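The primary structure of each chain is shown beneath.
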Amino acid sequence: MERKPFGKLISQINRQNQKFLTKELKVYQIGGGGQHSFLIEILRRPGINQDQLTLELKFDKATTARAAKQLEEAGYIERRVDKEDRRSYQLYPTQKGLEFHPTLQDILETSNQLLTSGLTKEEKDQLFTLLRKLTIEPTSK
């Protein structure tokens, strides 16, 4: 079996997953580009500001601002000026966002099940551990 570079395999898995999520979320007016990731984090941490969201999800500021604007226009979140820093926004889920949360969780769970359907529980646990290791940023020396 040919060994492809890890980055290529991870990229293929990501594209496969994004295709599924884009298709499933389109009817809810949630686009690609990770909007669901932003919404999940806002649902978990109401009042998070855009800078914190950018750091947490490892996107650039422009992508975060664009996703927040699109989620706001679709009615899932509201942006409020941060009282501590008037140049920044805090993000809160709306009632629509809160009501959509269980549906979003179901879609993400289905996505995970599809991605790992050929794996045993032990393989899933091992894969999770290894992927977590890859996402941890190395400390600078």
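In short, a report on the structure. (Residues numbered from 1 in each chain as written. Predicted model: local features only at pLDDT ≥ 70, side-chain atom pairs only at ≥ 80, totals over all residues. Heavy atoms only, no water.)

### Things to note about unusual backbone geometry
Excluding glycine, residues mostly have negative phi values, and the peptide bonds linking residues are mostly trans.
Argument step 1. The phi angle at Gln29 is positive, at roughly 65°, despite the residue not being glycine.
Argument step 2. Secondary-structure assignment places Gln29 in the loop between α1 (6–25) and α2 (35–44).
Argument step 3. Accessibility expressed as a relative area gives 54% for Gln29, which makes it exposed.
Argument step 4. Phi is positive for Lys58, which is not a glycine, with a value near 60°.
Argument step 5. Given a relative accessible area of 52%, Lys58 falls into the exposed group. (Helix = DSSP H or I, 4+ residues; strand = E, 2+ residues; numbered from the N terminus. Buried < 20%, exposed > 50% of the residue type's maximum accessible area, 1.4 Å probe, protein only.)

### Some remarks on the packing of aromatic side chains
Argument step 1. As enumerated under the stated definition, the model contains three aromatic pairs in all.
Argument step 2. Aromatic side chains Phe38 and Phe59 sit 4.8 Å apart centroid to centroid with 40° between the ring planes, which places their arrangement in the tilted category. Of this pair, Phe38 sits in helix α2 while Phe59 sits in the loop between α3 (50–57) and α4 (61–73), and the two are 21 residues apart along the sequence.
Argument step 3. Residue classification places Phe38 among the buried residues on the basis of a relative accessible area of 1%.
Argument step 4. We classify Phe59 as partly exposed; its relative accessible area is 30%.
Argument step 5. Ring plane angle 50° and centroid distance 5.2 Å describe the contact between Tyr76 and Phe100, whose orientation is recorded as tilted. Within this pair, whereas Tyr76 is found in the loop between α4 and β2 (77–81), its partner Phe100 is found in helix α5 (residues 95–115), the two being separated by 24 residues in sequence. (Phe/Tyr/Trp six-rings, centres within 6.5 Å; stacked < 30°, edge-to-face > 60°.)

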